[in-house]
Amino acid sequence: MVERTRFDDSDCPVARSVDTIGDWWSMLIVRDAFDGSRRFGEFQRGLGVAKNILAARLRSLVASGVLETLPASDGSAYREYVLTPKGRGLFPVIVALRQWGEQNLFDPGESHSEMVDLRQGRPLRTMEVRSADGRRVDADDTVVNKVG
């Protein structure tokens, strides 16, 4: 078997992020956690993933501090998987992926899910990257500098 390349000591934040949550099952688990899934069986039914793969991804997400396990809210012997503050910080990433997919991966009129603001019941505004002074910036407006 080919050994997986690790990026946990890279000086690039994108590489470290991908190292932590970069495979598709992990991102879909995080998405489902935002949508309310908490138990192993809920994730498994929603994703249709093999139990051994799901167990490995959940262990990894817990080990990296994206999810934590807590006693079941109904008092049963089960454990529930809950997003930590670190995991909740992935919300903009999930929204950005969702919006990119809506804009680029569906034909006009094709059915798809849509995230809406609970208070207004309307779709979210498309995310934008803004500079410290509030200007909208694109890739051509930025540069990566080494810090430290």
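Scroll up for the structure.
Residues numbered from 1 in each chain as written. Predicted model: local features only at pLDDT ≥ 70, side-chain atom pairs only at ≥ 80, totals over all residues. Heavy atoms only, no water.

Participant: Sorry if this is basic, but what is going on with helix 6 (residues 91-104) here?
Facilitator: Since one α-helical turn is 3.6 residues long, residues separated by three or four positions face the same way. Compared with an ideal rise of 1.5 Å per residue, which puts 14 residues at 20 Å, helix 6 spans 20 Å between its outermost C-alpha atoms and is within 8% of the ideal. Considered for burial, the residues of helix 6 that qualify are Ile 94, Val 95, Gln 99 and Gly 101. The buried residues of helix 6 occupy an angular sector of 160 degrees when the element is viewed end-on, so they sit on one face. The inward-facing, buried residues of helix 6 abut helix 2 (24-34). (Helix = DSSP H or I, 4+ residues; strand = E, 2+ residues; numbered from the N terminus. Expected span 1.5 Å × (residues − 1). Buried < 20%, exposed > 50% of the residue type's maximum accessible area, 1.4 Å probe, protein only. Arc of directions from axis to C-beta. Contact = heavy atoms within 4.5 Å.)

Participant: Is there a simple way to think about the packing of helix 2 against helix 3 (residues 40-47) in this case?
Facilitator: The angle between the axes and the distance between the axes are what describe a pair of packed helices. For the pair helix 2 and helix 3, interaxial distance at closest approach is 11 Å and the crossing angle is 115 degrees. Here helix 3 runs roughly perpendicular to helix 2, going by the angle between their axes. Seen along the crossing, helix 2 lies across helix 3 with a hand that is right-handed. Side by side, helix 2 and helix 3 meet where Trp 25, Leu 28, Ile 29, Arg 31, Asp 32 and Ala 33 of the first sit next to Phe 43, Gly 46 and Leu 47 of the second. Residue composition of the contact of helix 2 with helix 3, by class: six nonpolar, one polar and two charged. (Axes fitted to C-alpha atoms, helices over the stretch in contact; angles between N-to-C directions. Parallel < 35°, antiparallel > 145°, perpendicular 65-115°, else oblique. Left-handed = near helix turned anticlockwise from the far one by under 90°. Nonpolar A, V, L, I, M, F, W, Y, C, P; charged D, E, K, R; others polar.)

Participant: Before we go on, may I ask you to explain the pattern of salt bridges in this structure?
Facilitator: A side chain of one charge can pair with a side chain of the opposite charge when the charged atoms of the two come close. Evaluated as defined, the whole model comprises 10 salt bridges. The partner of Arg 38 in a salt bridge is Glu 80, with the nearest N and O atoms 2.9 Å apart. One end of the pair, Arg 38, is in the loop between helix 2 and helix 3; the other, Glu 80, is in strand 2 (residues 79-83), and 42 residues separate them in sequence. The partner of Glu 80 in a salt bridge is Arg 39, and the shortest N-O contact between them spans 3.5 Å. Taken together, the residues Glu 80 in strand 2 and Arg 39 in the loop between helix 2 and helix 3 connect sequence positions 41 residues apart. Among the charged side chains, a network of salt bridges with common partners joins Arg 38, Arg 39, Asp 74 and Glu 80. (Salt bridge = Lys/Arg side-chain N within 4 Å of Asp/Glu carboxyl O.)

Participant: When you look at the environment of Arg 98 in this model, what are you seeing that I'm missing?
Facilitator: Position of Arg 98 relative to the elements: it lies in helix 6. Linking Arg 98 and Asp 32, residues 66 residues apart in sequence, is a C-alpha distance of 13 Å. If we skip the residues at most four places from it in the chain, Arg 98 touches Ser 113, Glu 114 and Met 115. Engagement of the side chain of Arg 98 in a polar contact is seen with the side chain of Ser 113, the distance being 2.8 Å. (Polar contact = N/O pair within 3.5 Å; in protein donor to acceptor, adjacent residues only side chain to side chain.)

Participant: What is the right way to look at the nonpolar core in this model?
Facilitator: Ile 29, Val 30, Phe 43, Leu 58, Leu 61 and Leu 67 are the most contacted members of the largest nonpolar core, which has 18 residues in total. Those elements that provide at least two residues to this core are helix 2, helix 3, helix 4 (51-63) and strand 2. Ranked by the residues each element gives to this core, the list is headed by helix 2, at five residues. (Core = buried A, V, L, I, M, F, W, Y, C linked by side-chain atoms within 4.5 Å.)

Participant: Could you clarify how one ought to interpret the packing of aromatic side chains in this entry?
Facilitator: Two aromatic rings are characterised by how far apart their centres lie and by the angle between their planes. Using the criterion set out here, one finds two aromatic pairs in the structure. The interplanar angle of 75 degrees and the centroid separation of 6.3 Å between the aromatic rings of Phe 43 and Tyr 81 together place this pair among those described as edge-to-face. Taken together, the residues Phe 43 in helix 3 and Tyr 81 in strand 2 connect sequence positions 38 residues apart. By the burial criterion, Phe 43 is buried, and Tyr 81 matches it. (Phe/Tyr/Trp six-rings, centres within 6.5 Å; stacked < 30°, edge-to-face > 60°.)

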